[in-house]
Every structure is written in C-alpha cells, then in structure tokens.
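Summary of the model geometry
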Amino acid sequence: MGVYDDVHRASQDDPEAFWLAAAAAIDWTAPPTRALDAANPPFHRWFPDAELNVCHNAVDRHVAAGRGEQPAIVHDSPVTGSVRRITYAELQDEVARFAGVLAGLGVGRGDRVVVYLPMIPEAAVAMLACARLGAVHSVVFGGFAPKELAARIDDATPAVVVTASCGIEVARVIEYKPLLDAALDLATHRPAHCVVLQRPQATATLGERDVDWAAAVATAVPHDCVPVRATDPLYILYTSGTTGKPKGVVRDGGGYAVALAWTMPNVFAVGPGETMFTASDVGWVVGHSYIVYGPLLVGATSVLYEGKPVGTPDAGQFWRVVQDHRVRSLFTAPTAFRAIRKEDPDGTLLARYDISSLRQLFLAGERLDPETHRWAGERLGVPVIDNWWQTETGWPIVANPAGIELLPVKPGSPTRPMPGWDVRVLDPAGRPVPPGVDGAIVLGLPLPPGALPTLWNDDERYVASYLSAFPGCYLTGDGGHVDEDGYVFVMGRTDDVINVAGHRLSTGGLEEVLAAHPDVAECAVIGVADGLKGQVPRGFVVLKAGVERDEHELAAELVQLVREQIGAVASLREVAVVPALPKTRSGKILRRTMRGIADGVDEPVPGTIENVAVLDALRPILRR
Ligand code: COA
Ligand code: AMP
C-alpha cells in the first residue's frame, strides 16, 4: 500500500478529521470546530460554524506574508501582443478598488454580479472583488450568445453586470457590449448598472446605466474583506443540463477554499512562488478553480493566457509561455493537444523552446484518447495526468496525485479517486457491478468539500437531477467502469450532454433552437465523434407538412440560428433534412442508436422501436 492509498483511506474512514486538518491551510475569521453538517440529508454542508473571506485567502494574506512583489497573475496575450505581470500587492490594490466600485453601486453581501469578460486580468479582479464583498459572482463564458447570457441574467438576477468593450478571437474582434445590450433586451431582469472596461481594440458606447471601469476605479475607495459564513455562496456557474435551461451550480466559499488548497500541492504539485499555466477560460470551471482560485489560494503565480493553442499565431505558443514564465504545471483540454499535434506533429516548434521548468501536464474536460496521451508524453517528456471532474464537483474526482505519489498510468483511465470521493459503478437497478463492467458512475454521499451543495434557487432540481436516480448517491451523468486495481475508466455521458472541444453543451438546448424554426416539425441533435474536438453536434430535422425547402439553404439558416442563439462554440455545422426520425413506440427519439450508427459502433436497436424502416433509411445519412 502506498501513500496514496493511506491518504484516500484516511479521507473515507474519518472525513471529519481529514477535512479539518486540510482546513488548516486556510485563514479563518472564525475557524471551523467541525467539518461536516449532515443534519439535513440529502443536503450536506461543510464547515457550518466557520467564517472566512476567500479573497483574503487568495490575495491579502500573501501580501501580509511578504509575497507582495511576486507576480500573482501573468496576462500573456498573443492576440494583443502583450504580457503584463501583476504582483500580489498590485492585485490587492486593484481588487480592493474594484470592490469599492461595486460597493458604491450598491453591491453587498449575497448580491449577485454577472461577469461577462474575455481572458483579461480584470476577469479575475472582478471575481475576487465579489469575493471580497461576500457578493456572489456568476461568470458567463464570452463565447455564449445573448440568449444564453439573458437566461443566466434572469436566473441569477444580478445587481450589476461587468463586461468589456471586446474579446479577441483568432481573426476577429468580438464586441461584447452589443451582445450584452441584446441580452438585456431579451432578459426580464434589469441590473441596476453595467460596468464596462474599454479595451483599445474597440470602444463601447455607454448608456445611462453604464459605468466606465477605468473612471470608476480611479476615484474608488478601496474596500476591505468582509467575513462571510463558510457555507455562503462564493459563485454560481451555469452549466448545460439535458434541457435548454442551464443549471446554476452553487459553490460555497469555505469548502471550496479548503479543497482547492489541498489539491494544489497534492494533485497539481504547485506551491507558493511556483507557476501554473491553465489554458482554459475563466468562463469554465477549470478556469475558476485553476486559473483563479487554486493558484492564488496557495500563493502561486497563475498564467492567464489570452489566445488559442494554435493560430495565435502558431502551435508553439504553449511552449513559449512555459519557457517565458517558467511554468511548472500546464493544464488544458485534450482538444488543445490534438490541435497542436495536427499543426506540428513532429514537435518542430516545441524544439525551439526551453521547457525544462515543466514537471507535468494535466488534461481534463473530455475523454483523453490514448493516442493523444502517448503523443503528449513522448513530446514533452513529462508525466501526462488525465483528470476527471465536472462543473458540479469543482475539483478532480479522479486523478493521479502528482504531489503525493505518481501512480502507474493506465492509458484511457484518469487513474484513481481523490480523497473524499467515493466512486461507485451501478447497474440500472442500482446494484454495484463487478470490476471491469460498465455502468453508471455515481458518487457516494456526502460529496467532499468544494462540490456543489445545491443549484441556485432550485433545491428541487438539484435533488431531481443528481440525487434521485440512486438514493444515497450523486449521479455524475457519466458511464464507465472501475477495474480490479481501482482505476476508473470514464467512457462518456449517459445523458444528452455533449462535449465539444472541452465545452459542455446540451443537445436539448440545440434542439430547442432548431425546433423553433418555422419550417421544422421536429428534430434531433446528437453528438458524433470528431478527431479534433472530441465530439461535434449533428442535427436532423423533419420539415412541416407541405414545406419544400432547399436542404443547403435551410441548413445554413439553422446553423446561423444556433450561432446567434447559443454561440459559435456550439460548432454545429451539419444539419440534414430527413423524412422521419426513428422513435420508440412511446415516441422517444432513438438518439443513442443514431449516435452509435454515426460513430460506427454496433449499437443494438431497441426492441421498442416503432418503425425499423425509418432507421434503415437514416443509416447512410448517419454514416456519412
Ligand atoms: N468568444 C467568442 N467566440 C468564441 C470564443 C469566445 N470566448 N471561444 C470560441 N469562440 C468561437 C470561435 O471563434 C469559433 O468561431 P468560428 O466558428 O466563427 O470560427 C467557434 O467559437 C468555435 O471555437 P473553438 O471551439 O475554439 O474552435 P476552433 O475551431 O476555433 O479552435 C481549438 C479549435 C481546438 C483550437 C479550440 O477549440 C481550443 O482551444 N480548445 C481548447 C478547449 C478548452 O480550453 N476548453 C476548456 C475546458 S478545460
Ligand atoms: P464540465 O462540467 O464542463 O467540466 O464537463 C464535465 C464533463 O466532461 C464530465 O461529466 C465528463 O463527461 C467530461 N469529462 C471531463 N473530464 C474528463 C476526463 N478526464 N475523461 C473523460 N471525460 C471527462
């Protein structure tokens, strides 16, 4: 038995002692006297009697401890040709001032602030300023279209929205302010103010309720950290469920801070003064946990990269960043590596840089295919650590704990459960399956600190979505197995969630957009395997009776609708007009069967199929 086994067992045998010990890494205004509150099952709360301020832990305490001159954030932005280093002392000043701005606009403890910003340091500043005030941020990924932003604004009902004049994509400047204005036209909720950061690449027109970031910060009174309960929400992060309505995952501050502070040295092997480069986006959970909060909680330096793995301008940028900022741990999605490999299969660009500071590569967000795993390991010469988790869990459920002990790797497996996670695999009747047999991957309750306590304003949906299928367990929505050695293999979602270039999307949400077209009677969207993005959506529509349309013209309209209503990230490019959709006798569309055929997998046709001829007619289109 190795160290990992001991640590994991300790977390299972005595979670109270394990997490109270982990809590010592955090500064509390009222330290926890106990860890778990299980008085109200199926709800669980961590550190119920403790108080803290997460911003103090991520910023101020490091300045007080003498790290004021160390870079906290390095904004490396090949799309603007700039690199900006922000020390902990500067970050403290910027965050305190921006907290002053928000407080001046009426934002207080518990109020929500929606943050719709590109990959610029001000995104982290806005998040930390909310944390400083005990306000709740909700960051919306910049690639989402106005309708998605509006849905989040209506659910979170923010007092203030923070945005910028623009974001920068590979070949274009995307103006954010018109997108926000369009979202506010669609939303029923009205924030009192919008704070707008003007960037040199575009100037936003400000209206009556708008506040200019720079002007407001210039005159702001810095605001101190407000202690809040450990169980108070730190943020809401919306993620795709199986319907078009996003789920507002709630994260509380105390448990999250403890869990992240535990993972930084033990999983990611990054400590104070060391540099982590997480190439993701602040709009995703990976960005929340390992661009912003995780590295800052332990006094590390975080690289905030505004660019792509390829095309900004080339496939060598990750290596340049590793070299220039002496990166110790690099974390990104497998898609990014597939994109780099496609552009630079022999690592010619890699050879131009000194990446000797790099100790390990972490990949998450989608299944890591063994070929990409192998290529990355061979090219970089460092351990490649697959880790499996979700927006809901906040930090890795399954990983290889590089800071404790590197376990032997099995390609295709993100390795073994991290402390606090009780991973089980069940059959449809809720019985545990033997090792090696696929089933639903669930997590025994209580979930550890840092995992979601509920959904925003919707305890009922939380219970219905996650806790009802198998009593006493949290349903991950992923299927897979655990082998005889305890290695977890995650094979894919068992619901209608798809993963496109590490972006989580709902096929139900895409279907809602297609179904709203006046010529469409019914439709199905499935995720099909894609060599670069892991999965991409494909749409199938049945026309209303009597409608005659050119297929290409209609497909182009539908693709455009999805770009306008969900966002270009959905990457829907193919829509086919079909005479009918295969269904069960009770009217359920056989999406799984369709997906299997499209992926060339021998998917059994359910006995409940209504009309086999419809499916047979679809086969050649699916296989295309
Ligand atoms: N704001 C606005 N638009 C955005 C956006 C943003 N923040 N992010 C992406 N888009 C747009 C892109 O411009 C693109 O538009 P287009 O169809 O007009 O070209 C579309 O959304 C699809 O973008 P993307 O998924 O980035 O695909 P791509 O083909 O441009 O690039 C990769 C492919 C592999 C380079 C890219 O997907 C990538 O960097 N993946 C890494 C994923 C990742 O970090 N995931 C986070 C989870 S850990
Ligand atoms: P998100 O909530 O956006 O982080 O997406 C979470 C989903 O991405 C999970 O439920 C999985 O389906 C998938 N996922 C994330 N990491 C991995 C991984 N390492 N291996 C397989 N699937 C993953």
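In the nomenclature of an unreviewed UniProt entry, the chain is known as Propionyl-CoA synthetase of Nakamurella flava. Its UniProt record gives the chain the following Sequence similarities (unreviewed entry) comment, quoted word for word: "Belongs to the ATP-dependent AMP-binding enzyme family."

Summarizing the sequence annotation, UniProt attributes the feature "domain: AMP-dependent synthetase/ligase" (unreviewed entry) to residues 62-444 in the numbering used throughout. Secondary structure content for residues 62-444 is 31% helix and 23% strand, while the C-alpha to C-alpha distance between its ends is 36 Å.

For the rest of this paragraph, the subject is unusual backbone geometry. Cis geometry marks the peptide bond from proline 41 to proline 42, where omega comes out at 5 degrees. Of note, the phi angle at arginine 326 is positive, near 50 degrees, even though the residue is not glycine. Structurally, the position occupied by arginine 326 is in the loop between α11 (317-324) and β18 (329-332). Overall, arginine 326 belongs to the partly exposed group, its relative accessible area being 45%. Although it is not a glycine, asparagine 457 sits at a positive phi angle of roughly 55 degrees.

Viewed as axis vectors pointing N to C, helix α15 (residues 507-515) and helix α16 (residues 551-565) meet at an angle of 125 degrees, and their least axial separation amounts to 9 Å. With respect to their mutual orientation, α15 and α16 come out oblique. Considering only the axes of α15 and α16, their crossing is right-handed. Touching Leu510, Val513 and Leu514 of α15 are Leu558, Leu561, Val562 and Gln565, all from α16. Its residues assigned to classes, the contact of α15 with α16 shows 6 nonpolar, 1 polar and no charged.

Turning our eyes to something else, we now look at the site of ligand 1. Taken together, 24 residues lie around ligand 1, and Glu169, Lys308, Pro309, Lys533 and Arg563 are the ones closest in. Glycine 143 places a main-chain nitrogen or oxygen 3.5 Å from a nitrogen atom of ligand 1. Within the contact set of ligand 1, an oxygen atom lies 2.7 Å away from a side-chain nitrogen or oxygen of arginine 563. Notes on ligand 1: free accessible area 940 Å², of which the protein chains cover 84%. Partitioning the shell around ligand 1 into residue classes produces 11 nonpolar, 7 polar and 6 charged. Two domains share the shell around ligand 1, each providing at least three of its residues, namely domain 1 (87-226) and domain 2 (511-622).

We now examine α11. Of all 8 residues that make up α11, 6 are buried, and the element is covered over most of its length. Three or more residues of α11 are buried, namely Gln317, Phe318, Trp319, Arg320, Val321 and Val322. Looking at the buried side of α11, the elements it contacts are β4 (71-77), β16 (275-278), β17 (301-305), β18, α12 (334-343) and α13 (370-380). Taken from the residues just after α11, arginine 326 is the one with a positive phi, measuring 50 degrees.

Let us look at the UniProt feature "domain: AMP-binding enzyme C-terminal" (unreviewed entry) in the chain. Within this structure's numbering, the places UniProt gives as "domain: AMP-binding enzyme C-terminal" (unreviewed entry) are residues 510-588. With 27% helix and 32% strand, residues 510-588 has end C-alpha atoms that lie 17 Å from one another.

Let's shift gears to the nonpolar core. Judged by nonpolar contacts, the single largest core of 116 residues is most densely connected at Trp19, Phe47, Leu91, Phe98, Leu128, Val162 and Tyr293. Looking at this core element by element, the count peaks at 10 residues for helix α5 (residues 121-133). Judged by nonpolar contacts, the second largest core, of 39 residues, contains Leu510, Leu554, Ala576 and Ile597.

Contact geometry of helix α3 (residues 54-67) with α5 gives a least axis separation of 7 Å together with a crossing angle of 120 degrees. Comparing the axis directions of α3 and α5 gives the class oblique. Classified by chirality, the crossing of α5 by α3 is left-handed. Residue-level inspection shows Cys55, Ala58, Val59 and Asp60 of α3 in contact with α5, the latter providing Leu128, Ala131 and Arg132. Residues that form the contact of α3 with α5 fall into these classes: 5 nonpolar, no polar and 2 charged.

Time to look at the pattern of salt bridges. Pairing is possible between side chains that carry opposite charge, provided their charged atoms lie close to one another. This structure, assessed with the given rule, holds 38 salt bridges. Among the ionic pairs, arginine 341 bridges to glutamate 371, the shortest N-O distance being 3.3 Å. One end of the pair, arginine 341, is in helix α12; the other, glutamate 371, is in helix α13, with 30 residues separating them in the sequence. Residue arginine 341 is classed as partly exposed on the basis of its relative accessible area of 22%. Take glutamate 371: its relative accessible area is 36%, and that puts it in the partly exposed class. If you follow the salt bridges from partner to partner, you end up with Arg341, Glu371, Arg374 and Glu378 in one network.

Turning to the packing of aromatic side chains, a few remarks are in order. Applying the stated criterion across every chain, the model contains 31 aromatic pairs. Plain terms: the ring middles of phenylalanine 43 and tyrosine 462 are 5.8 Å apart, the flat faces sit at 35 degrees to each other, and that makes the pair tilted. Of this pair, phenylalanine 43 sits in the loop between β1 (36-37) and β2 (45-46) while tyrosine 462 sits in helix α14 (residues 459-467), and the two are 419 residues apart along the sequence. Their ring planes at 15 degrees and their centres at 6.4 Å tell us that tyrosine 235 and tyrosine 293 sit as a pair that is stacked. You can see tyrosine 235 sitting in strand β14 (residues 233-239) and its partner tyrosine 293 sitting in helix α10 (residues 285-297), a full 58 residues away along the chain.

In this section: the sheet that holds β4. As summarised here, the arrangement of the 7 strands in space is β5-β4-β17-β16-β18-β19-β20, forming an open sheet in which the pairing is mixed. Both edges of this open sheet fall to β5 (82-87) and β20 (384-386), since each of them pairs with a single strand only. Adjacent strand axes in the sheet meet at a mean angle of 20 degrees when their direction is disregarded. Bridging between β16 and β18 involves 3 bridges; their strand directions are parallel. Bridge pairing links threonine 278 to phenylalanine 331 in β18.

Analysis parameters
Residues numbered from 1 in each chain as written. Chains lettered and ligands numbered in written order. Predicted model: local features only at pLDDT ≥ 70, side-chain atom pairs only at ≥ 80, totals over all residues. Heavy atoms only, no water. UniProt positions renumbered as here; feature names shortened; annotations may be inferred. Helix = DSSP H or I, 4+ residues; strand = E, 2+ residues; numbered from the N terminus. Buried < 20%, exposed > 50% of the residue type's maximum accessible area, 1.4 Å probe, protein only. Axes fitted to C-alpha atoms, helices over the stretch in contact; angles between N-to-C directions. Parallel < 35°, antiparallel > 145°, perpendicular 65-115°, else oblique. Left-handed = near helix turned anticlockwise from the far one by under 90°. Contact = heavy atoms within 4.5 Å. Nonpolar A, V, L, I, M, F, W, Y, C, P; charged D, E, K, R; others polar. Near = heavy atom within 4 Å. Polar contact = N/O pair within 3.5 Å; in protein donor to acceptor, adjacent residues only side chain to side chain. Areas by Shrake-Rupley, 256 points an atom, 1.4 Å probe, with all protein chains shown as cover. Domains from an automatic or database assignment. Core = buried A, V, L, I, M, F, W, Y, C linked by side-chain atoms within 4.5 Å. Salt bridge = Lys/Arg side-chain N within 4 Å of Asp/Glu carboxyl O. Phe/Tyr/Trp six-rings, centres within 6.5 Å; stacked < 30°, edge-to-face > 60°. Pairing = 2+ DSSP bridges.

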